[in-house]
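Coordinate analysis (summary)
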Amino acid sequence: MTVTPTRRNLLDYKPVRAVARSRWYPGVLQYAATAVFAVVVYQLLVGPQAAHDNLGTALVWVLWWPLIPVVFVAVGRAWCTVCPFGKLSDLVQRLVGVNRPVPRFLKRYGIWIIDAQFIAITWADHVFGIVESPWGTGMLLLLMTTAVVVSGAFFTRRTFCRYLCFLGGLSGNYARTGAVALRADTGICATCTARAACFNGGDAAPACPLFEFPRTMDSSANCNLCANCVKNCPNDAITLTLRPPTKELWFVRRPRIEETFLAVAIMGIVFIQNITMLGVWNDVLDWISGTFGITGRGVIFTAAFAVAIAVPAALLAAASFVASRVAGGTVRDNFTRFGYALIPLDVAGHVAHNLFHLLAEGRSVFYTALEALGRQGSYGASTAFVPTGTIQVLQYAVVALGVTGSAYTAWRIARGPAAAGTAPSAGSAGPGGAAGPAAARTWATLAPYAVLLLVFGAFNVYLFALPMAMRM
């Protein structure tokens, strides 16, 4: 089937096209990010070992980590084309790479490996205090750097970024909500004689680093907007368009349970991150220790962490069971498809949680930078940009947007052709919505997920209403 984009192609604008085709893009941004990365690692390893005084800690956890999900929503996975790890992988391949094909095991189970990494790193942070320890954060970055070097030495392109990077998995999920989409006009591609230069590379630029073929691409999960395909395409078939955020989630053609599991895990991780930063968390730990005789804080957290991830998964499974009973479809299929509806709320919870760190601790970036330059910092001065009340209002607003985005996504999934395993009957649904039996099936399918999203949203709001502890 020929697909011709209907939205305005941003590459038709001369400034955008000039940047995309420039030999300096994305290289200049990569080198700048690499320079900052070197400063961060240096500060983490040899700078002050109190997180409050360390510039590396402030840059990573107070500035970069809160802003990165906003970048994913605005421009998809564009950070991955700037990331120093990608540039390092390219350099290793040029020097010592043997360019072996990606193992079939990684292609099949890479997302599960990413899921496990994300969970393990979050668990280790709380048990071993990675975020609060500049040295711990530095060692985490060095371990990832080592993995990038090994992957680049053995495997082709950016195998690590596509199949092994936990941040790549997170960005892939979040990029599906992004407002920018790179695709190809398949009508033009059908007549192309360039031997898939957009995928294989050419004289103008290397091959697609993340193994994406624009002609068949229907997702932004693995497109980092590096513009290699734009430079290599001889027919100007590549398009860059704006779209409503979350739109891609409405029409996922091949839903995968491992991607749904990551969405569920992120929901639980956001909850546990919020809970452990509350002032009452230590009191809860003391109560558990005194009541059950468990003295190891790591053991208590591990149990709480497991529950935090299991509960959202169990609730999604319960909603999927109800939907299968009232509207059809298997529990597994419903669980997999509607799990994508959690992603907008995942992003909102991530952003809202880190708004506290950004706005309540953001000035620490300036203070620690002054200290790193040998100048007197502002000890004892407030690190906040705005009052706590203002931050909470912003958090509530972000969560409300997330619930709205997730609910609308669930509705679009429920009324789609895969709903309940059947396509809408002729005349029962149109552009304006469903009618008759199809409408009843849509709302019956949606109802349990709408309740679930409201529960998740309300719990987020409740947690954000409580006092949170600072990171710096």
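The rules behind these values
- Residues numbered from 1 in each chain as written.
- Predicted model: local features only at pLDDT ≥ 70, side-chain atom pairs only at ≥ 80, totals over all residues.
- Heavy atoms only, no water.
- Helix = DSSP H or I, 4+ residues; strand = E, 2+ residues; numbered from the N terminus.
- Rg over C-alpha atoms; globule rule 2.2 N^0.38 Å.
- Buried < 20%, exposed > 50% of the residue type's maximum accessible area, 1.4 Å probe, protein only.
- Contact = heavy atoms within 4.5 Å.
- Areas by Shrake-Rupley, 256 points an atom, 1.4 Å probe, with all protein chains shown as cover.
- Lys, Arg positive; Asp, Glu negative; His and termini not counted.
- Charge placed at Lys NZ, Arg CZ, Asp CG, Glu CD.
- pLDDT = per-residue confidence, 0-100.
- Axes fitted to C-alpha atoms, helices over the stretch in contact; angles between N-to-C directions.
- Parallel < 35°, antiparallel > 145°, perpendicular 65-115°, else oblique.
- Nonpolar A, V, L, I, M, F, W, Y, C, P; charged D, E, K, R; others polar.

**Concerning the overall build of the chain**
Broken down by element type, the chain carries 21 helices and four strands. Relative to the compact-globule value of 23 Å for 472 residues, the chain shows a C-alpha radius of gyration of 23 Å, a close match. Its C-alpha atoms give the chain principal-axis dimensions of roughly 65 × 55 × 40 Å. Residues classed as buried in the chain amount to 52% of the 472 residues present. A fraction of 82% describes how many contacts in the chain between residues 6 or more apart in sequence connect residues 24 or more apart. When the accessible surface of the chain is totalled, it reaches about 21,700 Å², and 67% of it is carbon and sulfur. A gap of 11 Å separates the mean positions of the 36 positive and 20 negative side-chain charges of the chain.

**Digging into the side chain of glutamine 43**
Here glutamine 43 lies in helix 2 (residues 27–46). Those residues within four positions of glutamine 43 in sequence are excluded, and the remaining contacts are Pro48, Asn54, Leu55, Gly56 and Ala372.

**Section: the confidence of the model for the chain**
Close inspection of predicted coordinates is inappropriate in any region flagged by low pLDDT. Across the chain, the average pLDDT comes to 89, with 93% of residues at or above 70. Below pLDDT 50 for its whole length, residues 420–434 participates in 24 contacts with residues either more than four positions away or in separate chains.

**A look at the packing of helix 6 (residues 104–128) against helix 14 (residues 257–276)**
In contact at an axis separation of 10 Å, helix 6 and helix 14 are set at 5 degrees when each is read in the N-to-C sense. Taken together, helix 6 and helix 14 sit at an angle that is classed as roughly parallel. Contacts between helix 6 and helix 14 pair Arg108, Ile111, Trp112, Asp115, Phe118, Ile119, Thr122 and His126 from the former with Ile257, Glu258, Glu259, Phe261, Leu262, Ala265, Ile266, Ile269, Gln273 and Thr276 from the latter. Residue composition of the contact of helix 6 with helix 14, by class: 10 nonpolar, four polar and four charged.

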